[in-house]
2 protein chains.
Amino acid sequence: MRATLLRRSVLPPTIRQLLLPIPPSQLSSQDAEKPVTVTGFVKSIRRQKRVSFAVVSDGSNAKGMQAVFLDTPVPKDLTNGASVRLTGKLSKSPGAGQEKELIVNGVEVLGACDPETYPIQKQTLSNEFLRDNVHLRARAGSIAAMIRMRHALQRELESWFDKHDFYHVNTPILTSNDAEGAGETFKISTTTEEAPISALEENHQKEEHFFSTPAHLTVSAQLHLEAFQHAISRMWTLSPAFRAERSDTSRHLAEFWMLEAEWGDVSPSASTPGGVRGICAFVEGMLRHTVRGLLERDRTKEDLDVLSDGNSRQSERREQIHKAVYSPEPWTVMTYTEAIEHLRGSGQTFEFEPVWGKSLQSEHEKWLAEKMVGGPVFVVDYPVGLKPFYMRLNSAAEGQEGTVACFDLLVPGVGELVGGSVREEREEVLIKRMRECGLLEDTGELGAYQWYLDLRKYGGAPHVGFGMGFERLVSWVGGVENVKECVPVPRWAGRMML
Amino acid sequence: MRATLLRRSVLPPTIRQLLLPIPPSQLSSQDAEKPVTVTGFVKSIRRQKRVSFAVVSDGSNAKGMQAVFLDTPVPKDLTNGASVRLTGKLSKSPGAGQEKELIVNGVEVLGACDPETYPIQKQTLSNEFLRDNVHLRARAGSIAAMIRMRHALQRELESWFDKHDFYHVNTPILTSNDAEGAGETFKISTTTEEAPISALEENHQKEEHFFSTPAHLTVSAQLHLEAFQHAISRMWTLSPAFRAERSDTSRHLAEFWMLEAEWGDVSPSASTPGGVRGICAFVEGMLRHTVRGLLERDRTKEDLDVLSDGNSRQSERREQIHKAVYSPEPWTVMTYTEAIEHLRGSGQTFEFEPVWGKSLQSEHEKWLAEKMVGGPVFVVDYPVGLKPFYMRLNSAAEGQEGTVACFDLLVPGVGELVGGSVREEREEVLIKRMRECGLLEDTGELGAYQWYLDLRKYGGAPHVGFGMGFERLVSWVGGVENVKECVPVPRWAGRMML
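The paragraphs below set out a description of the structure included in this document. (Residues numbered from 1 in each chain as written. Chains lettered and ligands numbered in written order. Predicted model: local features only at pLDDT ≥ 70, side-chain atom pairs only at ≥ 80, totals over all residues. Heavy atoms only, no water.)

**Notes on the overall build of chain A**
Using the following cut-off: A run of DSSP states H or I qualifies as a helix once it reaches four residues; a run of E qualifies as a strand once it reaches two. Both are numbered from the N-terminal end. Buried residues are those whose accessible area, probed at 1.4 Å on protein chains only, stays under 20% of the maximum for their type, while exposed residues exceed 50% and partly exposed ones sit between those limits. In what follows, a contact means two residues having at least one pair of non-hydrogen atoms within 4.5 Å.
Looking only at helices and strands, one finds 15 helices and 16 strands in chain A. By residue count, 58% of the 498 residues in chain A fall in the buried class. In chain A, the proportion of contacts linking residues at least 24 apart, taken out of those at least 6 apart, comes to 69%.

**Here's the deal with the side chain of A:Glu255**
Defined as follows: Here a polar contact means two N or O atoms within 3.5 Å. Within protein one must be a hydrogen donor candidate and the other an acceptor candidate, and residues neighboring in sequence count only if both atoms are side-chain atoms.
Relative to the elements of secondary structure, A:Glu255 occurs in strand β11 (residues 255-264). Given a relative accessible area of 4%, A:Glu255 falls into the buried group. One polar contact links the side chain of A:Glu255 to the main-chain amide nitrogen of B:Leu174, over a distance of 3.0 Å.

**A word on the interface of chain A and chain B**
Selection rule: Here the quantity called buried area is the accessible surface, traced with a 1.4 Å probe, that two parts lose on coming together, added over both. Salt bridges are defined by distance alone: a side-chain nitrogen of Lys or Arg within 4 Å of a carboxyl oxygen of Asp or Glu. When residues are grouped by polarity, Ala, Val, Leu, Ile, Met, Phe, Trp, Tyr, Cys and Pro land in nonpolar, Asp, Glu, Lys and Arg in charged, and all others, Gly among them, in polar. Pairing between strands is defined by DSSP: at least two bridges between the two strands are required.
On the side of chain B, 132 residues touch chain A, which itself brings 132 residues to the contact. Both faces considered, chain A and chain B share a buried interface measuring about 12000 Å² in area, 58% of it formed by carbon and sulfur atoms. Of all residues in chain A, A:Tyr167, A:Phe210 and A:Tyr458 give up the largest surface area on contact with chain B, accounting jointly for 7% of the area buried on that side. Here chain A and chain B share eight salt bridges between them. Measuring nitrogen to oxygen at the nearest pair gives 3.8 Å for the salt bridge that ties B:Glu158 to A:Arg155. Broken down by element, the residue count for the side of chain A that touches chain B peaks at eleven residues, all from helix α5 (residues 141-163) of chain A. For the side of chain A that touches chain B, the per-class residue count stands at 61 nonpolar, 40 polar and 31 charged. Judged from the three bridges that link them, strand β8 (residues 187-189) of chain A and strand β8 (residues 187-189) of chain B form a sheet pairing that is antiparallel. Among the inter-strand pairings, A:Ile188 is bridged to a residue of β8(B), identified as B:Ile188.

**Topic: the sheet that holds strand β4 (residues 83-92) of chain A**
Across a sheet, strands are paired by hydrogen bonds formed along the backbone, either parallel or antiparallel in direction. Residue and element names in this part refer to chain A. Applied cut-off: Between N-to-C directions, angles span 0 to 180 degrees; the directions come from axes that are lines fitted to C-alpha atoms, helices contributing only their stretch in contact.
Taken in spatial order, the five strands of this closed barrel run β1-β2-β3-β5-β4, and their pairing is mixed. Across the sheet, the axes of successive neighbouring strands diverge by a mean angle of 55°, strand direction being ignored. As paired strands, strand β1 (residues 36-46) and β4 are joined by six bridges and run antiparallel to one another. Among the inter-strand pairings, threonine 39 is bridged to a residue of β4, identified as arginine 85.

**Considering the pattern of salt bridges**
Per the counting criterion, the structure on display carries 54 salt bridges over all chains. B:Arg155 serves as the salt-bridge partner of A:Asp162, at 2.8 Å between the closest nitrogen and oxygen. Of this pair, A:Asp162 sits in helix α5 while B:Arg155 is found in helix α5 (residues 141-163), placing the two residues in two different chains. Exposure remark for A:Asp162: the relative accessible area of 30% places this residue in the partly exposed category. Residue classification places B:Arg155 among the buried residues on the basis of a relative accessible area of 9%. Among the charged side chains, a salt-bridge network with shared partners connects A:Glu128, A:Arg131, A:Asp132, A:Arg137, A:Glu485 and A:Arg495.

**Considering the environment of B:Gly420**
Residue and element names in this part refer to chain B. Of note, glycine 420 is situated in strand β15 (residues 415-422). Residue classification places glycine 420 among the buried residues on the basis of a relative accessible area of 3%. Not counting chain neighbours up to four residues away, the residues in contact with glycine 420 comprise Met391, Cys406, Phe407, Gly465 and Phe466.

**A word on the environment of B:Glu370**
All names here are of chain B. With respect to the helices, strands and loops of the structure, glutamate 370 is situated in helix α12 (residues 362-373). On the accessibility criterion, glutamate 370 (30% relative accessible area) is partly exposed. Between the C-alpha atoms of glutamate 370 and lysine 457, which are 87 residues apart in sequence, the distance is 44 Å. In contact with glutamate 370, not counting residues within four places along its chain, are Pro412 and Gly413. A distance of 2.7 Å separates the side chain of glutamate 370 from the backbone nitrogen of glycine 413, its partner in a polar contact.

**What about the sheet that holds strand β16 (residues 463-469) of chain B?**
Residue and element names in this part refer to chain B. Reading across from one edge, β6-β10-β11-β16-β15-β14-β13-β12 is the order of the eight strands in this open sheet, with mixed pairing throughout. The open sheet has two edge strands with one neighbour each: β6 (167-168) and β12 (332-335). Here β6 pairs with strand β10 (residues 234-242) via two bridges, running parallel. Following the sheet pairing, tyrosine 167 is matched in β10 by methionine 235. Packed on one face of the sheet, helix α8 (residues 275-295) meets β11 (255-264), β12, β13 (377-380), β14 (406-411), β15 and β16 and runs near 40° to β16.

**Digging into α5(B)**
Residue and element names in this part refer to chain B. Put simply, the rule is: For a helix, the expected span equals 1.5 Å multiplied by the number of residues minus one.
Taking 1.5 Å as the rise per residue, α5 with 23 residues should run 33 Å; its terminal C-alpha atoms sit 33 Å apart, in good agreement. Most of α5 sits inside the fold, with 18 of its 23 residues counted as buried. Remark: aspartate 165 follows α5 within two positions and exhibits a positive phi of approximately 60°.

**Some points on helix α12 (residues 362-373) of chain A**
Residue and element names in this part refer to chain A. For α12, spanning twelve residues, the distance from its first C-alpha to its last is 15 Å, which sits close to the expected 16 Å at 1.5 Å a residue. Listed as buried for α12 are His364, Glu365, Trp367, Leu368 and Ala369. The inward-facing, buried residues of α12 contact β12 (332-335), α11 (336-344), β13 (377-380), β14 (406-411) and β15 (415-422). Looking one or two residues past α12, glycine 374 carries a phi angle of roughly 70°, positive in sign.

**Observations regarding unusual backbone geometry**
Residue and element names in this part refer to chain B. You will see that aspartate 381, though not glycine, has its phi angle at about 60°, which is positive. Mapping aspartate 381 onto the fold places it in the loop between β13 and β14. With a phi angle near 70°, leucine 498 is a residue other than glycine that sits in the positive phi range. Relative to the helices and strands, leucine 498 resides in the segment after α15 (470-478).

**A look at the relation of the copies chain A and chain B**
Threshold: A residue counts toward the fit only if its pLDDT is at least 70 in both copies, and the copies are then superposed by least squares on the C-alpha atoms of those residues.
When chain A is fitted to chain B, the best match, at an RMSD of 0.0 Å, comes from turning it 180° and sliding it 0.0 Å along the axis. A rotation of that kind, with that shift, is consistent with a two-fold axis. Closest approach to the rotation axis within chain A is made by the C-alpha atom of A:Ile188, at a distance of 2.2 Å. Looking at the interface residues of chain A, 100% of them are also at the interface in chain B, so both copies use one shared face.

**Looking at the side chain of B:Ser83**
Mapping B:Ser83 onto the fold places it in strand β4 (residues 83-92). The exposure class of B:Ser83 is buried, given its relative accessible area of 2%.

**Regarding the environment of A:Ala221**
Residues and elements named next belong to chain A. By secondary structure assignment, the location of alanine 221 is in the loop between β9 (216-217) and α7 (222-229). Measuring from C-alpha to C-alpha, the distance between alanine 221 and threonine 14 comes to 37 Å, with 207 residues separating the pair along the chain. Once you skip the residues sitting within four places of it in the chain, alanine 221 turns out to touch Thr171, Thr237 and Glu260.

**Remarks on the pairing of β11(A)**
Residues and elements named next belong to chain A. In terms of residue burial, β11 counts as a mostly covered element, since nine of its ten residues are buried. As paired strands, strand β10 (residues 234-242) and β11 are joined by nine bridges and run antiparallel to one another. The partner of phenylalanine 242 across the bridge, within β11, is glutamate 255. Bridging between β11 and strand β16 (residues 463-469) involves seven bridges; their strand directions are antiparallel. By the bridge assignment, glutamate 262 is partnered in β16 with glycine 465.

**Some thoughts on the packing of aromatic side chains**
The condition is simple: Between 30 and 60 degrees the pair is tilted, below 30 it is stacked and above 60 it is edge-to-face, where a pair is any two Phe, Tyr or Trp rings, Trp via its six-membered ring, whose centres lie within 6.5 Å. Here, over-ring charges are defined by two tests on the NZ atom of lysine or the CZ atom of arginine: distance to the ring centre within 6 Å, and angle to the ring normal within 35 degrees.
Throughout the structure, instances matching the rule amount to 40 aromatic pairs over all chains. Seen from their ring centres, A:Trp263 and A:Phe466 are 6.0 Å apart, and the 75° between their planes marks the pair as edge-to-face. One end of the pair, A:Trp263, is in strand β11; the other, A:Phe466, is in strand β16, and 203 residues separate them in sequence. Comparing A:Trp263 with A:Phe466, the two get one shared label, buried. Measuring from centroid to centroid gives 5.2 Å for B:Tyr336 and B:Tyr382, while their planes differ by 40°, and the two rings are tilted. Here B:Tyr336 is found in helix α11 (residues 336-344), whereas its partner B:Tyr382 is found in the loop between β13 and β14, with 46 residues between them in sequence. Relative accessible area serves as the criterion here: at 0%, B:Tyr336 is assigned to the buried category. A cation over a ring is seen here: A:Arg456 above A:Tyr452, with NZ or CZ 4.2 Å from the ring centre. The ring of B:Trp492 carries B:Lys484 above its face, with NZ or CZ at 4.8 Å from the centroid.

That is the geometry; function is a separate question.
As structure tokens, then:
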């Protein structure tokens, strides 16, 4: 009923759709003979005497489509980077590398591209060069593959959360709170860039009035998600987050996308573990589901091949990921205390000595995930002094005094991929922790956090949650070395293109 | 294969899932007898001598679940707003209003809620009161319904774009450009809120260094989408956008979500119109698909009922929407010139006289959509002076001199819901327009827009696109009067809660 009521699609098929195998039941001899039109960019052109070949891409797949010019002459301005519209017939390809090819009988150059000055040349371009040409870099195969992979990962994540009846909620970007109570934040104002220095004071006063309170760019949606979780018990978001950190590493961006989820904690039972191990089981399930879904999408295989092209460490990494998501063995879980013991007993020389009560350094995380486990590893129950105020205090009775019910998931090649915790739902414990962290005003007033405490006051219940850097997921699954190549337009200290 | 490999879901079913009719094939007598556990908030409690009734909600559906206390005593602190865990058996309900109810045999109050001070009382609360209690407002039925509706709309939009082979791309929030060249933007800095006025100059210099260029919050993803469209020919995004406008209207927010799409223009033919009418056909298809999908979701029906509760104009509006998305008649398309003629000939007295060359005012848009058409209406080909530089100039040959190939979609109750255009792909025309709009530097240098012109230079081809305010879609479909009730945490001039 619904299908017949809907109008027919108003756009012609993409190259990817044209190359799909047609199910025999839908195949009529008429279809096979029907002329097709393809619009796209020229990725390569090989001119020969009797026949010429071009690869044309509209970005809908990794490989594009091979176009064969037999009787049709190739226009002079059909060069690498030009935009063309081709008509012709799809035909079984005698060559290796593609099932079908387009036998061209009509060609129109929609937009020429000077081959002398075109920055995206055929040879492999360095990441740095592509960052400098970020407006064109999606024409490089690896960046286009990354963009398609982000799309696919997002759909797989959605299917996981839909299955578990989570609602996707849009949390605000502008906020008056700083969830981590630590990271440097970006502050916003309404001053214009042309404002002379002399006008700054005036503008400053104007800006104070815009929202009636200072506004920052969010560093995490967690506290907001918690508010919603106290009404709709399973919530998640995939949303931009910001850190004004000046570090330029392969794992940090000033603007990044973060997946965050919160839900009501469940009582421990045989099938449903509660507490921090319950979160770990859920996160492991999510990543297995998502990465399997990705690996089993036909179109993603080609994209993963593009991403691993020319990188010798890739096949090893891909095997490792395959094992992580298909192996029947549950992923390793160890306490922070055990992790410190393993590190101290490793015989390895670290730049920073592993000491109980100090943060795990990148070198420690790498050793645990890459050398010791050779796959994903959950580290749980970190010392209270290392973690934010909202994580639930473990009790002495559980043998975990001085720790909080939290975890970091470490994966080879990336380090920390996911972090989460049981949230402190006990109002008086939370107030004590906030006081220790200096978040409450000297007078003892609850100030800006009153609303957060209200959530406990009015029917607060045990709940848990986690956050995952989306670019780090792309980095892990795609084997992409630097998160700057895991987001379409990267922003980091010193760089703001477009 | 995949299903058997995956671990079983690690979370117990939600109330919505528990209330789903079980297909007879999956129903065993064992299941019916299995005890179930429900965790949620008390929405209402009715204590009687022999039997008591509570409605418990976990936010997974609109109605929650009726819990019946027969032999089990109701604890004193099981009050409105408290968080509870109930165990019992699902049973066919003899009462009206629900198919099944929970016969309680175990009860645990997880978090009490003082009924004296709890802000979310049972009587209908004003929008203004709920905005002041935004951290708790999702516990009000109408706000929770809106959040679930946003989720459903997002899924339906995704299915439309997936069907047409668009890729979902995450465009940056921080940018150095201002797409509209008009609206006031928020500027970001790394200064801390405590910075004394005397430190402003120093901070200003520091901030200049963070990204090496001034950074704004994006007002539109369009220019960035165009860059990607020149590699992957069908792109869309649903992303936050920002306007530092001080107007406080029912249609504007300082932070809102915008759906934007760009794709390669197609040649006009019988089935696939090109140009601005092609975009209109695509947008009409998208909205019919999305709204139908929403109306046909069982769970959304209840949410729409909640949203229209107590609003007498709702049934009329719902009929109008039903007609718009199911009627076989295509939506009305008229030129701006025709719209002005209709308005001038309407006999209506307007505050602003409708004059060719001047913007359509809100009162004009309302009259066109509500009085004249009684449904959605596309107004196309506006005068060039009213629209941004990137819209394609119509030619004299088309009888549309002095206009651009653009459209606004006006809908009853909301006004402008969608706006889009053919993009100017001709480099020399674009440069001329940018010069007229004062976007190029006095020296004639292309400056910050060089990258945008590069897109034309290197294989530029005809392309089109549009943007739709997501909150306005929620407002239209849900019949919600003010966009402040169409987003979980609204931000507007003077207001910044949480």
